[in-house]
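# Inside the fold
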Amino acid sequence: MHRFRQRLCIFVCFLLIALSVSAAPVKITFSADKMQGSGEKGKNSTSLTGNAKVSVDSLNIYGERIELYGKDYRYIKANGNVTGEDAEKGFTFSAASLFYDRETEIAEFMGQAKVEDTKNKVETAAERIEYNQKTEIILLQMTVKLKSKDIACDSLFAVYNRNTSMLELTGKPAVKKGKDEFKAARISVNLDTEDIKLEGKVSGS
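Residues numbered from 1 in each chain as written. Predicted model: local features only at pLDDT ≥ 70, side-chain atom pairs only at ≥ 80, totals over all residues. Heavy atoms only, no water.

## A closer look at the overall build of the protein
- Counting secondary structure elements, the protein contains 1 helix and 16 strands.
- When burial is assessed residue by residue, the protein has 37% of its 205 residues classed as buried.
- Restricting to contacts in the protein with at least 6 residues of sequence separation, those with at least 24 account for 31%.
- Of the accessible surface of the protein, which amounts to about 11700 Å², a share of 53% is contributed by carbon and sulfur atoms. (Helix = DSSP H or I, 4+ residues; strand = E, 2+ residues; numbered from the N terminus. Buried < 20%, exposed > 50% of the residue type's maximum accessible area, 1.4 Å probe, protein only. Contact = heavy atoms within 4.5 Å. Areas by Shrake-Rupley, 256 points an atom, 1.4 Å probe, with all protein chains shown as cover.)

## Section: the pattern of salt bridges
- The final tally for this structure, using the stated rule, is 11 salt bridges.
- Residues Glu130 and Arg128 are paired through a salt bridge, measuring 3.0 Å at the closest nitrogen-oxygen approach.
- Across the pair Lys177 and Glu194 runs a salt bridge, and its minimum N-O distance is 3.9 Å. Here Lys177 is found in strand 12 (residues 174–177), whereas its partner Glu194 is found in the loop between strand 14 (186–190) and strand 15 (195–199), with 17 residues between them in sequence.
- The class of Glu194 is buried, set by a relative accessible area of 15%. (Salt bridge = Lys/Arg side-chain N within 4 Å of Asp/Glu carboxyl O.)

## Structural notes on the nonpolar core
- The biggest cluster of nonpolar side chains holds 41 residues, and the ones touching the most others in it are Phe93, Phe109 and Leu167.
- Here this core gets 5 residues from one element, more than from any other, and that element is strand 6 (residues 91–101).
- Leave out the neighbours within four places in its chain, and Phe93 touches Leu59, Asn60, Ile61, Val82, Thr83, Gly84, Glu85, Leu98, Phe109, Lys114 and Val115. (Core = buried A, V, L, I, M, F, W, Y, C linked by side-chain atoms within 4.5 Å.)

## Details of the pairing of strand 15
- Sheet analysis places strand 14 next to strand 15, joined by 5 bridges and oriented antiparallel. For Ser188, the partnering residue across the bridge sits in strand 15 and is Lys197.
- With antiparallel pairing between neighbouring strands as the criterion, strand 14 and strand 15 make up a hairpin whose turn holds 4 residues, including Glu194 at a positive phi of roughly 65 degrees. (Pairing = 2+ DSSP bridges.)

## A closer look at unusual backbone geometry
- The phi torsion at Tyr73 lies on the positive side, around 55 degrees, for a residue other than glycine.
- Looking at the element boundaries, Tyr73 is found in the loop between strand 4 (59–69) and strand 5 (75–86).
- Residues other than glycine seldom take positive phi values, yet Glu105 does so here, at roughly 60 degrees.
- Note that Glu105 resides in the loop between strand 6 and strand 7 (106–117).
- You can call Glu105 partly exposed: its relative accessible area is 22%.

## Considerations on the confidence of the model for the protein
- Confidence in the prediction for the protein averages 85 pLDDT; 84% of positions are at 70 or higher.
- Confidence drops under pLDDT 50 across residues 2–24; counting only partners more than four residues distant or on other chains, this segment forms 19 contacts. (pLDDT = per-residue confidence, 0-100.)

## As for the packing of aromatic side chains
- Following the criterion strictly, the structure yields 5 aromatic pairs and no others.
- Here the aromatic rings of Phe93 and Phe109 are separated by 4.9 Å at their centres, their planes lie at 45 degrees, and the arrangement is tilted. Taken together, the residues span a long stretch of sequence, with Phe93 in strand 6 and Phe109 in strand 7 at a distance of 16 residues. Here Phe93 matches Phe109 in class, with each residue buried.
- Through a chain of ring-to-ring contacts, three or more aromatic side chains come together here, namely Phe91, Phe93, Phe109 and Tyr131. (Phe/Tyr/Trp six-rings, centres within 6.5 Å; stacked < 30°, edge-to-face > 60°.)

## Concerning a nonpolar patch on the surface
- On the surface, Met142, Leu156 and Phe157 cluster together into a nonpolar patch covering about 240 Å² of accessible area.
- Looking at where Phe157 falls in the secondary structure, it is placed in strand 10 (residues 151–161).
- Assessed through its relative accessible area of 36%, Phe157 is described here as partly exposed. (Patch = residues over 30% accessible without salt bridge, like charges linked within 9 Å, V, L, I, M, F, W, Y side chains within 5 Å.)

## A few points about the environment of Asn60
- Within the fold, Asn60 resides in strand 4.
- Given a relative accessible area of 16%, Asn60 falls into the buried group.
- Leave out the neighbours within four places in its chain, and Asn60 touches Lys53, Val54, Ser55, Thr83, Gly84, Glu85 and Phe93.
- A distance of 2.6 Å separates a polar atom in the side chain of Asn60 from a polar atom in the side chain of Ser55.
- A polar atom in the side chain of Asn60 sits 2.8 Å from the side chain of Glu85. (Polar contact = N/O pair within 3.5 Å; in protein donor to acceptor, adjacent residues only side chain to side chain.)

Now the structure itself:
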């Protein structure tokens, strides 16, 4: 038992060193009820289960199971009541599962996904959400819902640019502003000014 604990301690120390060195200057920390991993060269992988948490700089990811794998632990996959936040960049999220590429800084949320832009006070929800942190563009697919101030939107597809506050809706889009409702083949919304542009098969009430 003593030898097992000693080996486990050595492995954990090795893993922590590998994470801190290979991921520099990006800081990665993690915690969980159980950990299992491999330090084989070129095949680094770590599996965290039970109250798992992984932090990449200011980004925090929580889930029932989280895997880190790939060269320099490039990829992070989380499953089971996934939640998280990035206070520095101003957003929170929840989903059934998450896939994150540390190199491209693209996060993919699947299954009743929600991403809230806390900086601009915009709430988004869809079955699949892809968020590119470098471009600050959020892609939403299937059962899309978005809320901002007095505006509520529904569609099958949407593109939201956090930098410009522009929203593009396609796939049976509908926008409600107060008591007014608008429908068209394509709808563009400036969430800052609340200006709405309708294109193709326009209707409203």
